[in-house]
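Structure assessment
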Amino acid sequence: MCGIVGYIGNKNCVPILINGLKRLEYRGYDSAGIGILTDDNAIIVKQKGKVSLLEEKIEELNLYSNIGIGHTRWATHGIPNEMNAHPHSNNDGTLFLIHNGIIENFHVLKKGLLKLGYQFKSETDSEVIVHLIDSFLKKGFDLTKSVQLALNEVEGTYGLAIVYSKEPDKIVVARKGSPLVVGIGDGENFVASDVSAILAYTKQVIYLEDGEVAILKKDSFSAKTIYDKEIEKEVHEITMSLDEIDRGGYAHFMLKEIMEQPETVRNSIRGRIIDEDGTSILGGLSDVVNELTDSKRILITACGTSWHAGLVGEYMFEQFCRIPTEVEYASEFRYRNPIIEKNDAIFFISQSGETADTLAAMREAKMKGALVLGICNVVGSSIARETNAGVYTHAGPEIGVASTKAFTSQLTVLALITLLIARRKNLSRVDGKTIADELKLIPEKIEKILKLNNEIEKIAEEFKDATNFLYLGRGYNFPVALEGALKMKEISYIHAEGYPAAEMKHGPIALIDENMPVVFIAPKDSTYEKIISNIQEVKARGGRIIAIANEDDNEIDKLVDYTIKVPQTIRMLMPILTVIPLQLLAYHIAVKKGLNVDQPRNLAKSVTVE
Ligand code: G6P
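Residues numbered from 1 in each chain as written. Predicted model: local features only at pLDDT ≥ 70, side-chain atom pairs only at ≥ 80, totals over all residues. Heavy atoms only, no water.

**Considerations on empty space enclosed by the protein**
The final tally for this structure, using the stated rule, is two cavities of 30 Å³ or more. A volume near 50 Å³ is recorded for the largest cavity. Looking at the largest cavity, it is lined by 13 residues, and the ones nearest its centre are Thr76, His86, Gly101, Asp125 and Ser126. Tallied by class, the residues present in the lining of the largest cavity amount to three nonpolar, eight polar and two charged. Reported here for the second largest cavity is a volume of approximately 40 Å³. Along its surface, the second largest cavity is lined by Arg474, Asn477, Ile521, Ala522, Pro523, Asp525, Thr527, Tyr528 and Ile531. Each residue belonging to the lining of the second largest cavity can be placed in one class, and the counts come to five nonpolar, two polar and two charged. (1 Å grid on protein atoms, 1.4 Å probe; cavity = no way out; pocket = protein on both sides within 12 Å on 5 of 7 lines; lining within 4 Å. Points joined across faces, edges and corners; volume = space filled by probe spheres on them. Nonpolar A, V, L, I, M, F, W, Y, C, P; charged D, E, K, R; others polar.)

See below:
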């Protein structure tokens, strides 16, 4: 999730690029840079941190150019620093590019390019593209052809803008999997990862599709596929306001982030499954994989939603890796002098990588000599830097305070880690392959669930005045019950509690009457019959029931007031699906109550104080 912007025309591109980057900053904000051409020379200026710091640096340089590109980075490969910031250039500095996306086969490509004598300056996957294009330029192809040939070798996702000082009349752009839009002006053209960056200058846009390459000159636009087929593109008129555009056209960031989950889960999986071996490959754990596999105990420590992900991780690790696993709140762990043995591995899960309690718990465990591992979303965050090894979730920036897409990406990464360890232990290739295949199907199953948005909104209307909610689930779906209740509390301020369904009879059942809505997470698994009994117990006491059930379950409809049907998958992955309706339910209730969904009262996105 990076932001990209480019300009070619008669004006000075520098302020246009800076303004565009400021609009895009919500997509990534760990470093930024611009690249421009002046009298056939390329000038690149980069800066770690916010766009405003880049702006200060640029002001002193007094730059002027009619062609340039700019980038604000959300790191995926390589820590946020000036070297890893974009644009990246070829070795003689004549060619530079900006990239948004992930190149899956960058290790293989890099190896080949190193053999050809290319020198790499950064740790990014993006830098391979610039050298790859350069290798075709060196063979005598022009820029457009070189880009096409290079992209034929690239696996993964990209939104790209490329400038070459020997062909200073054009910006070549390309797209696959990452958004890219071209803005058509009068004697000037623009490119951006989303329209908010260029809307101040033009409302006429062309959306590129996957596998398309476009050539922007100051007064012309043309497009081809990466296989060199000419294509006609339609010009669209933008009618949305800037504010709407930042939120991707959605009313709130939370809804946008819920809707992004097919893509974010895909990004968490991307390039990490080895089909033929039915296992996963996680570069960040490669140095510690033996130690991790041989660990006698796994501890998982986190806060909030990340702690719920940890609970699901416990079920996964114990079921498939057969390693005893314990999950603990970071705030408790850090202060109780925990027992840490020689062969313990400890995962610290954190979206932000900055949560004070999780960070302190990690430092405590590290001091005691444990193998400390991170599962973080923010690349280069404190936890990511200070752990011995780890895995990034690649969910992109999460703006809504209530965590949604970060959670499903954490579950996805936990499943990949499970696969990695379990295959090195007792899990067969066939069983590993089943898990891998099911995991790959999750994004389209999420898409299907998201289509129930309107249906869920209607259910929200029925329950918006409730003052309490009870969430019940068993096994893998007990942590989902906790997460569903947390979402409801966080944004709708309705008191909600999650329980293992069987525990209901030890207390919560006393609360049940016609005013108590109960959400059952009841997919068809080995505990299904048991949960049906619990449903009947609630029904008998007049409770109003919403059930999250499987698509083929017609029986449950007769027992409950509302059902939300989700597709079937294997048990360990079910939480990635069952949590989605709960996110939407909480969201719609909060909206109907007129509450500030993205910034609920008293809460913070990143709790960096105790
Ligand atoms: C805050 C946020 C939660 C988040 C928790 C842990 O409470 O509001 O959404 O789950 O912190 O944050 P982390 O960044 O460590 O996952």
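After that view of the structure, there is still more to cover.
**Description of the site of the ligand**
Of all residues adjacent to the ligand, which total 14 residues, the nearest are Ser306, Ser350, Gln351, Ser352 and Thr355. Thr355 places a polar side-chain atom, nitrogen or oxygen, 2.5 Å from an oxygen atom of the ligand. Considered on its own, the ligand offers 390 Å² of accessible surface; in the complex 90% of this is hidden by protein. With three residues, the single largest contributor to the shell around the ligand is helix H10 (residues 304–321). For the shell around the ligand, the per-class residue count stands at four nonpolar, eight polar and two charged. (Near = heavy atom within 4 Å. Polar contact = N/O pair within 3.5 Å; in protein donor to acceptor, adjacent residues only side chain to side chain. Areas by Shrake-Rupley, 256 points an atom, 1.4 Å probe, with all protein chains shown as cover. Helix = DSSP H or I, 4+ residues; strand = E, 2+ residues; numbered from the N terminus.)

**Considering the environment of Pro338**
Locating Pro338 in the fold gives a position in the loop between helix H11 (330–333) and strand S20 (344–350). Look at Pro338 and you get buried, because its relative accessible area is 4%. Spatially, the C-alpha atoms of Pro338 and Glu82 are 39 Å apart, while their sequence positions differ by 256 residues. Beyond its immediate chain neighbours, meaning those up to four positions away, Pro338 contacts Phe333 and Lys368. (Buried < 20%, exposed > 50% of the residue type's maximum accessible area, 1.4 Å probe, protein only. Contact = heavy atoms within 4.5 Å.)

**Re the pattern of salt bridges**
In a structure, side chains of opposite charge can pair up when their charged atoms sit close to one another. For the structure on display, the rule yields 35 salt bridges. The partner of Glu461 in a salt bridge is Lys592, and the shortest N-O contact between them spans 3.2 Å. Of the two residues, Glu461 is situated in helix H16 (residues 453–463) and Lys592 in helix H19 (residues 574–592); the sequence distance between them amounts to 131 residues. Among the residues examined, Lys592 registers a relative accessible area of 27% and is labelled partly exposed. The partner of Lys565 in a salt bridge is Asp557, with the nearest N and O atoms 3.2 Å apart. Take Lys565: its relative accessible area is 18%, and that puts it in the buried class. For Asp557, a relative accessible area of 31% translates into the label partly exposed. If you follow the salt bridges from partner to partner, you end up with Glu104, Glu263, Arg266, Arg270 and Glu447 in one network. (Salt bridge = Lys/Arg side-chain N within 4 Å of Asp/Glu carboxyl O.)

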